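Below, each chain spelled out in residue letters.
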Amino acid sequence: MLNHPDLVDMQNETVDLFDEPAERNYPDWPEWIVERIKKGLVKSVNTAYPNWMDCLHPDTNGPYRINLVGLGDVGGTLLTGLRLMGGDIVKSVGIYDPKPANKDRWYYETSQIYGPSGGMPFPDIEKIEEADLFDCDVFVFCASKGVPPVGDEKKDVRMVQFEGNAAILSIYAKMARKRGFKGLFAVVSDPVDLLCRKAWEVSNTDENGNMDYTGLGTDQIRGYGLGVMHARARFYSLLREETKDYEIHGRAYGPHGEGLLIANSISVYNEKLSDELTEAAKHANLKIRETGFKPFVAPALSSGALSILATLRGEWHHSTHFIGGVFMGSKNRRSLMGIEPERAALPPSLKKKLYETYDMLEDLYE
C-alpha cells in the first residue's frame, strides 16, 4: 500500500517501512496523485510476477469462510475463539484433522457454544475433508509435528519444531498452488516467520524444482505469532510503574522468539526498559512450562483468533508480513490497497536493532 509519496522513491523494502517518513515537497508531481497517495488510495503492484493482476481485485468484505487444519491444543483453542468472537465477519469454519476423533470432538464441542437467549451470530462449524481445505477464503495452518514435552525444552522451543512443521506445511503449500488458491494463507504453527517463507518458496516451485512465481503471492501469506508477544509484554509492563504506558505507546516487532523486539514506548523510548520487557516476553512461555503445562491458550487466542479476526476486519494488529524478501512481524492492517505497516518515529537505537533482526531472519533463509 502506498500511503506516503516517499514509498514511491524507496529503492528497497527494509525496516524503513516502519519509520515515520520525512516531510518534503513534490513540486514535479501532479497534486491529485500526491493527495490520493496520502489518503491511502494508491496501490503498488510488482508486475514482474506472472499473476500480478490477481492483486487488483482483493476480497476484503466478508463474511469469510475459514478452513483450519490441525486440531491440537492450539488449533482447538483457536477454533473456540473464532466461534465465540467471529460471528460478525466469519460465515463458517471448516475443520480438518488427520485423526477423525479429533475432528468429531471439536465439531460437537464448538457447535454447541451458543448464547443464552440467541440473537448473537456464531460462525457455522463444518467437518471437511483434506481435499476441501482450499475451498475457502482463509486457510489457517495449525498442524504441528509435535511440541517438545514439558521438561525437555531446548534453547528455543519454536526452532526445534521448524523441520517437522515445515514438512507438513509444504504439503499444503503445494496443494494451494495446485488449486490456484487466492485467499489468505495464515500460518499459526511455529516458527511462523520461517514457515511463511517456506510456504512462499514451496508454492512457487514447479515439479522440476524451479521457482516460477505462479503460486501464493507474498501478500497472501501471514504469520500469527507476534500478537501473543505483544500481549505478554503488556502483562509484564503492568507489573512495573515505569512501564505501565506500554499498552498505549509501546510496540512489538520481529519474530515470535529469538530476534523479538519490544519497545517500552515510541514517544519516550528507554532502551534498558525495552530490553527487560523483550526478555520477559521472550521467555514467558518457559515460565508457563515451569508450572508443568504447555503454553498454548494465550498464543492460540492473542496471536491466532483475535489477530486473524482483526486482519479480516481491517483493524490494526500484530502479524508477520513480507518485506523485501523477509517475513517480519509488526503492527499493521489490511485494506483494499494492500498491507499497511504502522509507521512511527523510530529512535535510532531501536531502528538499529530492527535492522539486526531483519538481517538475522535473512540469514536464516540461506
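Residues numbered from 1 in each chain as written. Predicted model: local features only at pLDDT ≥ 70, side-chain atom pairs only at ≥ 80, totals over all residues. Heavy atoms only, no water.

Trainee: Please explain the environment of Val160 as it appears in this structure.
Mentor: Checked against the element boundaries, Val160 lands in helix α5 (residues 157–160). Linking Val160 and Asp190, residues 30 residues apart in sequence, is a C-alpha distance of 9.0 Å. (Helix = DSSP H or I, 4+ residues; strand = E, 2+ residues; numbered from the N terminus.)

Trainee: When you look at the packing of aromatic side chains in this model, what are you seeing that I'm missing?
Mentor: The way to describe two aromatic rings as a pair is by their centre distance and the angle between their planes. Enumeration according to the criterion identifies 15 aromatic pairs in this entry. Between Phe134 and Phe185 the ring centres are 6.4 Å apart and the planes differ by 15°, which places this aromatic pair in the stacked class. A residue pair is termed long-range when its members are at least 10 positions apart, and Phe134 in the loop between β3 (124–127) and β4 (138–141) and Phe185 in strand β5 (residues 184–187) qualify at 51 residues. Its relative accessible area of 6% is what places Phe134 among the buried residues. (Phe/Tyr/Trp six-rings, centres within 6.5 Å; stacked < 30°, edge-to-face > 60°. Buried < 20%, exposed > 50% of the residue type's maximum accessible area, 1.4 Å probe, protein only.)

Trainee: When you look at helix α6 (residues 162–179) in this model, what are you seeing that I'm missing?
Mentor: In an α-helix there are 3.6 residues to a turn, and that puts residues three or four apart on one side. Helix length check: α6, at 18 residues, gives a terminal C-alpha distance of 25 Å against a target of 26 Å (1.5 Å per residue), a fit within 8%. Those residues of α6 lying buried are Gly164, Asn165, Ala166, Leu169, Ser170, Tyr172, Ala173, Met175 and Ala176. The secondary structure elements touched by the buried residues of α6 are β1 (64–69), β2 (90–96), β4, β5 and α7 (192–203). In the segment just after α6, Gly180 is the residue with positive phi, at about 65°. (Expected span 1.5 Å × (residues − 1). Contact = heavy atoms within 4.5 Å.)

Trainee: Help me out: how do you make sense of the packing of helix α3 (residues 73–85) against helix α12 (residues 297–313) in this one?
Mentor: How two helices sit against one another is set out by the angle between their axes and by the gap between those axes. At their nearest, the axes of α3 and α12 sit 8 Å apart, and the two run at 45° to each other. The angle between α3 and α12 places the two elements in the oblique class. Crossing of α3 against α12: the hand is right-handed. Contact with α3, carried on its side by Val74, Thr77, Leu78, Gly81, Leu82 and Met85, involves Val297, Ala300, Leu301, Gly304, Ala305, Leu306, Ile308, Leu309 and Arg313 of α12 and no other residues of that element. Class assignment of the residues belonging to the contact of α3 with α12 gives a composition of 11 nonpolar, 3 polar and 1 charged. (Axes fitted to C-alpha atoms, helices over the stretch in contact; angles between N-to-C directions. Parallel < 35°, antiparallel > 145°, perpendicular 65-115°, else oblique. Left-handed = near helix turned anticlockwise from the far one by under 90°. Nonpolar A, V, L, I, M, F, W, Y, C, P; charged D, E, K, R; others polar.)

Trainee: What is the right way to look at the environment of Asp9 in this model?
Mentor: Mapped onto the elements, Asp9 comes out in helix α1 (residues 6–9). Residues in contact with Asp9, not counting those within four places in the same chain, are Arg24, Tyr26 and Trp29.

Trainee: Explain the state of the cysteines to me, please; I cannot follow it from the model alone.
Mentor: This structure, assessed with the given rule, holds 0 disulfides. Counting only cysteine sulfurs, Cys196 is the nearest neighbor of Cys142, a cysteine outside any disulfide, at a range of 13 Å. Assessed through its relative accessible area of 0%, Cys196 is described here as buried. (Disulfide = S-S within 2.5 Å.)

Trainee: Got a minute to help me understand the nonpolar core in this structure?
Mentor: Proteins that are soluble and globular tend to have nonpolar side chains buried together. With 49 residues, the main nonpolar core has Phe134, Phe139, Tyr172, Phe185, Met328 and Leu354 as its most contacted residues. Taken together, the elements giving at least two residues each to this core come down to β4, α6, β5, α7, β8 (261–263), β9 (317–323), β10 (326–335) and α13 (348–365). In terms of residue count, α7 provides more of this core than any other element does, 7 residues in total. Ignoring any residue separated from it by four or fewer positions in sequence, one finds Phe185 in contact with Phe134, Phe139, Leu169, Tyr172, Ala173, Ala176, Ala199, Leu216, Gln220, Ile221 and Arg222. Among the nonpolar cores identified, the runner-up in size contains 25 residues, and Tyr64, Ile125, Tyr224 and Leu309 belong to it. (Core = buried A, V, L, I, M, F, W, Y, C linked by side-chain atoms within 4.5 Å.)

Trainee: Where do I start with the side chain of Asn332 in this structure?
Mentor: Tracing the chain through its elements places Asn332 in strand β10. Among the polar contacts made by the side chain of Asn332, one reaches the side chain of Ser319 at a distance of 3.1 Å. In this structure the side chain of Asn332 is engaged in a polar contact, spanning 3.0 Å, whose partner is the backbone oxygen of Ser330. The contact partners of Asn332, leaving out residues within four places of it in the chain, are Arg222, Glu315, Trp316, His317, Ser319, His321, Ile339, Glu340, Pro341 and Glu342. (Polar contact = N/O pair within 3.5 Å; in protein donor to acceptor, adjacent residues only side chain to side chain.)

Trainee: It is not clear to me how the pairing of β10 should be interpreted in this structure. Could you clarify?
Mentor: It is a general feature of regular strands that their side chains alternate between the two faces of the sheet. Extensive coverage of β10 is indicated by the burial of 7 of its 10 residues. Summarising the sheet, β9 and β10 pair through 7 bridges and their orientation is antiparallel. For His321, the partnering residue across the bridge sits in β10 and is Met328. Where β9 folds back onto β10 in an antiparallel hairpin, the turn is made up of 2 residues, including Gly324, whose phi is positive at roughly 55°. (Pairing = 2+ DSSP bridges.)

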